[in-house]
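Spelled out from the first residue to the last, the chains are:
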Amino acid sequence: MTPELTVLALAGLLQAVQFGLMAIPANLEVGTGKTLSPRDKGRSGGSIEEQVSPRTGRLIRAMNNHFEALILFTIAVVVVALGDASTSFTALCAWIYLAARILYVPAYAFGWVPWRSFIWFAGFLATVAMILATLIA
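Residues numbered from 1 in each chain as written. Predicted model: local features only at pLDDT ≥ 70, side-chain atom pairs only at ≥ 80, totals over all residues. Heavy atoms only, no water.

Caption draft 1: Representation of the overall build of the protein within the structure. Regarding its fold elements, the protein presents seven helices and zero strands. When the elements of the protein are put in sequence order from the N terminus, they spell out α-α-α-α-α-α-α. With the principal axes as the frame, the protein shows a C-alpha extent of 55 × 30 × 20 Å. In the protein, buried positions account for 38% of the 137 residues. (Helix = DSSP H or I, 4+ residues; strand = E, 2+ residues; numbered from the N terminus. Buried < 20%, exposed > 50% of the residue type's maximum accessible area, 1.4 Å probe, protein only.)

Structural data, given as structure tokens:
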């Protein structure tokens, strides 16, 4: 397995960890009656994110942000893997992406301004660099 595919697998596990980090406090704060419901805004008093503490709301947003970032990173890994273009540079970029995504969770949860944005950008830039490296090679 290429290093990029290994990092993709680890990023998938990170997504699962983030789900737990968000779901446990959300369930404790609003109760399983709300989290198990269909979450219709009119029936449940608003979105779950609006009903939890600020930190739990940030964990929800961090998890959703990773879903969004994971799409582009997956594209980068697929392009590298199917293009047989794995290099030490693309592997380094993949590891930078994962490190940035790991750091992003506490950065968002604890409101590290402006560091959260810089951490997010490092992961984004690493992902784009992987794609560009594959196209240039």
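Caption draft 2: Quick look at the side chain of E4. Positionally, E4 belongs in helix α1 (residues 3-30). Despite its burial, E4 pairs with no opposite charge, the nearest such side chain being R101 at 18 Å. Side chain to side chain, E4 and S86 meet in a polar contact 2.8 Å long. E4 has contacts with F73, V77, V80, S86, T87, T90, A91, A94 and M130, leaving out every residue within four places of it along the chain. (Lys, Arg positive; Asp, Glu negative; His and termini not counted. Salt bridge = Lys/Arg side-chain N within 4 Å of Asp/Glu carboxyl O. Polar contact = N/O pair within 3.5 Å; in protein donor to acceptor, adjacent residues only side chain to side chain. Contact = heavy atoms within 4.5 Å.)

Caption draft 3: Fine view of the pattern of salt bridges. For the structure shown, the criterion picks out one salt bridge. Residue E49 is joined to R61 by a salt bridge in which the shortest nitrogen-to-oxygen separation is 2.6 Å. Note that E49 is positioned in helix α4 (residues 48-51) and R61 in helix α5 (residues 54-82), a separation of twelve residues in sequence. Residue class for R61 comes out partly exposed when judged on its relative accessible area of 31%.

Caption draft 4: Spatial organisation of the nonpolar core. Grouped together as the largest cluster of nonpolar side chains are 18 residues, with contacts concentrated most on L70, F73, Y97 and M130. The greatest single-element share of this core, amounting to six residues, is contributed by α5. Apart from the residues lying within four places of it in its own chain, the contact partners of F73 are E4, V7, L8, A94, Y97, T127 and M130. Residues V52, L59, M63 and V105 belong to the second largest nonpolar core, which totals eleven residues. (Core = buried A, V, L, I, M, F, W, Y, C linked by side-chain atoms within 4.5 Å.)

Caption draft 5: Representation of the packing of α5 against helix α6 (residues 88-109) in the model. Contact geometry for α5 and α6: axes closest at 9 Å, N-to-C directions at 170°. The angle between α5 and α6 places the two elements in the roughly antiparallel class. Residues R55, R58, L59, R61, A62, N65, H66, A69, L70, F73 and V80 of α5 pack against T90, A94, Y97, R101, Y104, V105, Y108 and A109 of α6. Here the residues of the contact of α5 with α6 sort into twelve nonpolar, three polar and four charged. (Axes fitted to C-alpha atoms, helices over the stretch in contact; angles between N-to-C directions. Parallel < 35°, antiparallel > 145°, perpendicular 65-115°, else oblique. Nonpolar A, V, L, I, M, F, W, Y, C, P; charged D, E, K, R; others polar.)

Caption draft 6: Seen up close, α6. Helix length check: α6 (22 residues) gives 32 Å between terminal C-alpha atoms against 32 Å at 1.5 Å per residue, within 8%. Remark: the principal bend of α6, roughly 25°, maps to L103, with a proline, P106, within the next four residues. G111 occupies a position one or two residues after α6 and carries a positive phi of about 65°. (Expected span 1.5 Å × (residues − 1). Bend = angle between axes of the 7 residues up to and from the residue.)

Caption draft 7: Structural context of the side chain of T134. Its location among the elements puts T134 in helix α7 (residues 115-136). Overall, T134 belongs to the buried group, its relative accessible area being 13%. A distance of 2.9 Å separates the side chain of T134 from the backbone oxygen of M130, its partner in a polar contact.

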